[in-house]
Structure formats: structure tokens, C-alpha cells
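An overview of the molecular structure
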Amino acid sequence: MEQDSTIPVPWTWSRLQSAQIGVLTFARFCLNTSLRIVYPFAPAFSRGLGVPVTLIYSFISLRNLLSLLSPVLAPLPERYGRRVTMTAGVVLFGLVALLAAFLPLVWTLALVIIVTGLVKVVFDPAMQSYLGDTVPYKQRGRALAVTEFAWSGAYLIGAPVTGWLIAGWGWSTPYLWLGIGGLIAAVLLWRYVPTARNHDSHTITLSYTWQMVRRYPVIWAAALYMALTLIAQESLFIVYGDWMEGSFNLSLTSLGMATMLIGVAEMTGEATAGWSVDRFGKRPVVMLAGLLNAGIYLLIPWVSGDLTMALITLFFLFSTFEIAVVGAIPLLTELIPGARTAVMAMSLGAMAAGRTIGSIVGPFLWERMGITGNAVLAAIVMMLAVLVLARWLHEGQPEEA
């Protein structure tokens, strides 16, 4: 078992643009694509399997619910090493994705959806803590923003490819290339990403995480901010595929191309976050983006009859959302530097909780109120998130209770 005791050569910004940061981003790209394609293509999965689309939504909700295990799984990177944990998780993902590709059944789709979520809640805090330990705070916003391109890339590249593959060869085909990509990423992680010294002064266990949460109440505020932002986004986005197909009668290929625009928007938001938060401050940039995002949610019902206006609105919706989330991550890594992994594990668990709540509430509102109900709820919840950040989240909390 590998321990993170090796002291690495200090990273400079030029090295962050090298193969190591590229490998981390590629691994996240494979995971994120698997995580995200179920949203626009849930109706296509349901048709391919001959099951109601609500069953696919229930798989998403179950995945999000199980992702609440993030604080429980948090000790794994500290106990076995971050590189070992990230690599093992990506191997597991790759194997399950290949299983779904070669055995296209309802239960294999459910398995790959759930496993992807579980691997993500281990991989992401391990990677973010790794960068937190090796990248100076003044450069951390840009470093984390680079890895976040894997999130937008899932739609910029993954969505159109997925639509094309499903239209030509069936719903399970995308999992073939995702599985192969995952296994390649695992090899590259093991070969090129060095170990990093853990700066936390304690072994991260569930008990220690709970002690840190009790000792530093600001961790609750960080978790609440992340939960609220994800409730807002998930409650609307879970019905995105139904909304786009029903309102604009898009084919699978067209839906993939339309979803690609969301990837462009997210990449724009990630780049803006990486450029702005280190120059103008994490808190003001994130608060402004959150306020804009809340206002844009309210425009969604007004553009449901015009595809061009809907796509423009979605572009600004997702770009501001990315700034509000990506810009907040370096802020969270500096809330309690001595308990960084505990903060990030709780934040990731809170994001899972937000996704779970949103994925349950979203279809409920969609069936009863249409897209208007989803949009109004998202706007209100996003405003609450901004209030939490403005009131409680500041860098450099005291190290002693």
C-alpha cells in the first residue's frame, strides 16, 4: 500500500500545464462524461431499454443518494495514498463501463450510473486536496479551473459523440469508449502522477472529520453553500432532456449538439473563474456570479418557445453557475488549511446531497408545474446560497476553536 509520504519537487505553474495536470483532467473527463450523459439522454436510455424514463431518473437519484457516503469514503485517500485511491477508482469505473457496453441490460446501466457516482466522490476530493497541498493559494484558482475543464469537456466533446453513437449503434455504445478511456487513464495516473505529502496533521477518518466539523462550524456553511447551488442546478437540469425534446422536438444528434453548447458555456465559466478569482478575489467574483445565475433561472420559462433564445439563456446560465462553483473551490480549500481534506469531503458530500434533493424535487415539479416550477425553485435556492457565502465563508479561519 502506498503512503503519501514522499515529498515531491515543488510544482510551478509551468509544470501544472504539463502531463501531470493533463492526466488528472483526462481521468476526470472520463468520469464526468459517464456522470453527465444520463441527463440529456435519459429519454434515449429509457427507449433503448423499454422502461419508463422515471426509472432512469430513479437511478440518478439513487446514485446521488449513495454519493452522500463521501465523508465515509474520505479516509481512503489518506490511508492508501491519493494516487493509489484515484487509480483504483478509475480502474473500477472502466471495468463497470465495459460491462454495460457488452451486457446492455437495465441492471448494468444502473450499476455504471451508481459506480460512477461513488468513484467521483472519492476521486474529486483526493485530487483537489492533492492540488491544495502542492499549489500555492494564489495560483490554486487557475490550477483547479484547469482540471474543471474535464467537467465542461464532458458536454463539449462527450455529449455530441454520445448522441452520434446512440443514434447509430444503441444506448450502450458510449460506455465502450468510456471504459477503455478509464483504463487508459488509470495507467497514466499510476505512471505520471507522483505522490504528494499530506499537509493535514491527523489521519483523516470519519471520526476525525466529524471532530473537525464540530470544531469549525464554518464547515457546515461551506457544505450548505455547495448543497444549495447543486439543488438549484439539479432540480432544473434533471429534466433538461425531456424539456429539450418536448419543447423543440430535437433528434438525438441535434440534442447532443445543443448540449455541446452547454460544454462551451461551462468551459467559458471555468476559464473566467480561473482568470478572475485570483485577480479580483474569490468571494466577490463568486457572489456576483451567483446573483446573475439566480436571475437567469427566471428567464427559462420565457424562452421555451424559441430554440435560439433557449440556447443563449442556457449558455449564460451554465457559465455563471460554473463560476459560482469553480470559483468557490479554492476558497473552500483555504477555509481551514489544517483540515483541508475534511472540508472538501464534507463539501463533496453536500454536493451529493444537493443533487439528491434536486433530482427528486425536479421531476416532481416538472410533472405538476412544467419548467416554470423548476426555474423558480432554482432561482430562490441559488439566492439562498449567495446569502450563505456572503455571511459565513471567509478565507483563513482561525486554526484554534
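In the block above lies the structure referred to throughout.
Below or above, wherever it landed, is the structure these notes cover. Remember, predicted model here, so these are calculated numbers, not experimental data.

1. Digging into the overall build of the protein
Secondary structure assignment for the protein yields 19 helices and zero strands. Put simply, the protein has 401 residues, and 62% of those count as buried. Of the contacts made within the protein by residues no fewer than 6 positions apart, 87% connect residues no fewer than 24 positions apart.

2. A few points about empty space enclosed by the protein
Sizing a probe to match a water molecule and rolling it over the atoms shows the empty space that remains. This structure, assessed with the given rule, holds three cavities of 30 Å³ or more. Along the walls of the largest cavity sit 25 residues, with K120, D124, L348, M351 and R355 positioned nearest its centre. Counting residues per element, the ones that place at least two in the lining of the largest cavity are helix 2 (19-36), helix 4 (53-66), helix 8 (106-134), helix 9 (137-169), helix 12 (218-237), helix 16 (307-326) and helix 18 (340-369). The element contributing the most residues to the lining of the largest cavity is helix 18, with six residues.

3. Thoughts on the nonpolar core
Among the nonpolar cores identified, the biggest contains 127 residues, and F45, Y175, Y225, M244 and L393 are the most heavily contacted of them. The leading source of residues in this core is helix 12, at 14 residues. Here Y175 is in contact with S34, I37, V38, F45, A97, L98, A100, A101, L109 and V112, once residues within four sequence places are set aside.

4. Observations regarding unusual backbone geometry
Although it is not a glycine, N249 sits at a positive phi angle of roughly 55°. Its place among the elements puts N249 in the loop between helix 13 (240-248) and helix 14 (252-280). Classification of N249 by relative accessible area gives exposed; the value is 68%.

5. Side note on the packing of helix 2 against helix 7 (residues 82-102)
For the pair helix 2 and helix 7, the least separation of the axes is 11 Å and the interaxial angle reads 40°. Between helix 2 and helix 7, the interaxial angle falls into the category oblique. Note on packing geometry: the crossing formed by helix 2 with helix 7 is left-handed. Facing helix 2, whose interface residues are L24, A27, C30, L31 and S34, helix 7 presents M86, V90 and F93.

6. Describing the layout of surface pockets
Considered as a void within the structure, the largest pocket measures approximately 210 Å³ in volume. If you go around the largest pocket, you meet 13 residues; those closest to its centre are L76, T85, A88, G89 and V122. At the level of elements, helix 6 (75-80), helix 7 and helix 8 are the ones that each hand at least two residues to the lining of the largest pocket. The residue inventory of the lining of the largest pocket, partitioned by class, reads 11 nonpolar, two polar and no charged.

7. Details of the packing of helix 4 against helix 18
One can describe the packing of helix 4 onto helix 18 by two numbers: an axis separation of 7 Å at closest approach and a directional angle of 155°. The orientation of helix 4 with respect to helix 18, classified from their angle, is roughly antiparallel. At the point where helix 4 passes helix 18, the crossing takes the left-handed sense. Seen from helix 4, the contacting residues are T54, Y57, I60, S61, N64 and L65; seen from helix 18, they are A352, R355, T356, S359, I360, P363 and E367. Considering only residue class, the contact of helix 4 with helix 18 consists of six nonpolar, five polar and two charged.

8. Details of helix 2
Helix length check: helix 2 (18 residues) gives 25 Å between terminal C-alpha atoms against 26 Å at 1.5 Å per residue, within 8%. Of all 18 residues in helix 2, 15 are buried, a share of seventy percent or more.

9. Observations regarding the side chain of S304
You can see S304 is positioned in the loop between helix 15 (282-297) and helix 16. At 3.1 Å, the side chain of S304 forms a polar contact with the side chain of W243. Of note is the side chain of S304, whose polar atom sits 3.4 Å from the backbone oxygen of I300. If we ignore the near neighbours within four places in the chain, the residues touching S304 are W243, S247, F248 and I371.

10. Remarks on the side chain of E270
Relative to the elements of secondary structure, E270 occurs in helix 14. Reaching out from E270, the side chain makes a polar contact with the backbone nitrogen of F149 at a distance of 3.4 Å. Beyond its immediate stretch of four places on either side in the chain, E270 contacts A145, E148, F149, W151, S152, E322 and V326.

11. Brief notes about the pattern of salt bridges
According to the stated counting rule, one finds five salt bridges in the structure shown. In this structure, E245 and R47 form a salt bridge, with 3.4 Å as the shortest nitrogen-oxygen distance. Residue E245 is located in helix 13, and its partner R47 is located in helix 3 (residues 42-49); the two are separated by 198 residues in the primary sequence. Taking the shortest distance from any N to any O, the salt bridge between R368 and E367 comes out at 3.6 Å. Each member of the pair, R368 as well as E367, carries the same accessibility label: exposed.

12. Structural notes on the packing of aromatic side chains
Summed over all chains, the structure comprises 12 aromatic pairs. On the basis of an interplanar angle of 80° and a centroid distance of 5.1 Å, the ring pair of W164 and W169 is categorised as edge-to-face. Note on W169: relative accessible area 55%, which makes it exposed. What links up through ring pairs into an aromatic cluster is the set Y39, Y155, F237, Y240 and F318. Here the basic side chain of R191 rests over the ring of Y192, its NZ or CZ set 4.9 Å away from the ring centre.

13. Side note on the environment of I56
Within the fold, I56 resides in helix 4. Along the sequence, I56 and V38 sit 18 residues apart, while their C-alpha atoms lie 8.0 Å from each other. Ignoring sequence-local partners within four residues, the contact set of I56 consists of A42, F45, S46, V51 and L109.

Each value, and the rule that gives it
- Residues numbered from 1 in each chain as written.
- Predicted model: local features only at pLDDT ≥ 70, side-chain atom pairs only at ≥ 80, totals over all residues.
- Heavy atoms only, no water.
- Helix = DSSP H or I, 4+ residues; strand = E, 2+ residues; numbered from the N terminus.
- Buried < 20%, exposed > 50% of the residue type's maximum accessible area, 1.4 Å probe, protein only.
- Contact = heavy atoms within 4.5 Å.
- 1 Å grid on protein atoms, 1.4 Å probe; cavity = no way out; pocket = protein on both sides within 12 Å on 5 of 7 lines; lining within 4 Å.
- Points joined across faces, edges and corners; volume = space filled by probe spheres on them.
- Core = buried A, V, L, I, M, F, W, Y, C linked by side-chain atoms within 4.5 Å.
- Axes fitted to C-alpha atoms, helices over the stretch in contact; angles between N-to-C directions.
- Parallel < 35°, antiparallel > 145°, perpendicular 65-115°, else oblique.
- Left-handed = near helix turned anticlockwise from the far one by under 90°.
- Nonpolar A, V, L, I, M, F, W, Y, C, P; charged D, E, K, R; others polar.
- Expected span 1.5 Å × (residues − 1).
- Polar contact = N/O pair within 3.5 Å; in protein donor to acceptor, adjacent residues only side chain to side chain.
- Salt bridge = Lys/Arg side-chain N within 4 Å of Asp/Glu carboxyl O.
- Phe/Tyr/Trp six-rings, centres within 6.5 Å; stacked < 30°, edge-to-face > 60°.
- Lys NZ or Arg CZ within 6 Å of the ring centre and 35° of its normal.

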